[in-house]
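# Descriptive analysis of the structure
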Amino acid sequence: MARAKGIMIHGIRFRPGEVDWEDAHSTTRGKLPDFEAMRQGSTFVGSKITSAGLVAKIGKYLLVITEKDEPLEEFDYTLIPLHAKIQVHYH
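Quick notes on the rules
- Counting restarts for each chain: residues are numbered from 1 in the order of the written sequence.
- Per-residue local features are limited, in this predicted model, to residues with pLDDT of at least 70; the limit for side-chain atom pairs, both in listing and counting, is 80 or more; totals at the level of whole chains, interfaces and linings are taken over all residues.
- No hydrogens and no water enter the side-chain calculation; it runs on all heavy atoms of the structure.
- Secondary structure elements follow DSSP: runs of H or I of four or more residues count as helices, runs of E of two or more count as strands, with numbering from the N terminus.
- Both definitions apply: the radius of gyration is a C-alpha atom measure, and the globule rule equals 2.2 Å times residues to the power 0.38.
- For every residue, the accessible area obtained with a 1.4 Å probe (protein chains only) is divided by the maximum for its type, and the residue is called buried under 20%, exposed over 50%, and partly exposed between those limits.
- Any two residues having at least one pair of non-hydrogen atoms within 4.5 Å are treated as being in contact.
- Each accessible area is a Shrake-Rupley estimate made with a 1.4 Å probe; only the visible protein chains count as cover when residues are assessed.
- As used throughout, the charge tally considers Lys and Arg to be positive and Asp and Glu to be negative, leaving His and the chain termini uncounted.
- All charge positions are set by atom: Lys at NZ, Arg at CZ, Asp at CG, Glu at CD.
- Pairs of strands are assigned from DSSP output, requiring at least two bridges between the strands.
- Lines are fitted to the C-alpha atoms to define the axes, a helix being fitted only along its stretch in contact, and any angle between axes, read from their N-to-C directions, falls within 0 to 180 degrees.

## Quick word on the overall build of the protein chain
Along the backbone of the protein chain there are 1 helix and 5 strands. Ordered by position from the N terminus, the helices and strands of the protein chain form the series β-β-α-β-β-β. A compact globule built from 91 residues should have a C-alpha radius of gyration of about 12 Å, whereas the protein chain, at 17 Å, is more than 25% larger. Counting only C-alpha atoms, the protein chain reaches 50 × 35 × 25 Å along its principal axes. Within the span of the protein chain, comprising 91 residues, buried residues form 15% of the whole. Of all intrachain contacts in the protein chain linking residues separated by at least 6 positions in sequence, the fraction that spans at least 24 positions is 45%. Approximately 8,100 Å² of the protein chain is accessible, and the part contributed by carbon and sulfur atoms is 52%. Across the protein chain, the mean location of the 12 positive side-chain charges is 9 Å away from that of the 12 negative side-chain charges.

Below, the structure written as structure tokens:
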């Protein structure tokens, strides 16, 4: 089976694909998540989101384009950081 070559947008090659990623998650009056699953890191513990479309890795991000216009000027997209930049302040 031949791989889809994708499309070039602003010098970046995008390929058809699907990305499963875990977003931040909070709950009110709920049970705590499974600590063992969190330790192992092998399953999604928070909210699992799936974004499908044209996918490209650009620097520290994945960009998933779900809709585009013909002249490639306007897009619907999801920007997913590969490693979230986090600052923690304890009180």
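From this point, the narrative continues.
## Things to note about the environment of Lys68
Its location among the elements puts Lys68 in strand S4 (residues 61–68). Through-space distance from the C-alpha of Lys68 to that of His89 is 40 Å; in sequence the pair is 21 residues apart.

## Observations concerning the pairing of strand S2 (residues 12–23)
Sheet topology note: the strand S1 (residues 7–9)/S2 ladder contains 3 bridges and is antiparallel. Bridging from a neighbouring strand, Ile9 pairs with Ile12 of S2. Following S1, the chain reverses through 2 residues before pairing antiparallel with S2; His10 in that reversal takes a positive phi of roughly 50 degrees. Relative to strand S3 (residues 47–58), S2 runs antiparallel, the two sharing 9 bridges. Paired with Val19 across the strands is Ser51, a residue of S3.

## Focus: the pairing of strand S5 (residues 75–81)
Where S4 and S5 come together, 7 bridges link them in antiparallel fashion. The partner of Val64 across the bridge, within S5, is Thr78. Joining the antiparallel neighbours S4 and S5 is a turn of 6 residues, in which Leu72 adopts a positive phi near 55 degrees.

## Concerning the sheet that holds S5
Spatial strand order, S1-S2-S3-S4-S5: 5 strands in an open sheet with antiparallel pairing. What marks the edges here is a single partner per strand, and that holds for S1 and S5. Between one strand and the next, the sheet's axes are offset by a mean angle of 55 degrees, whatever the strand orientation.

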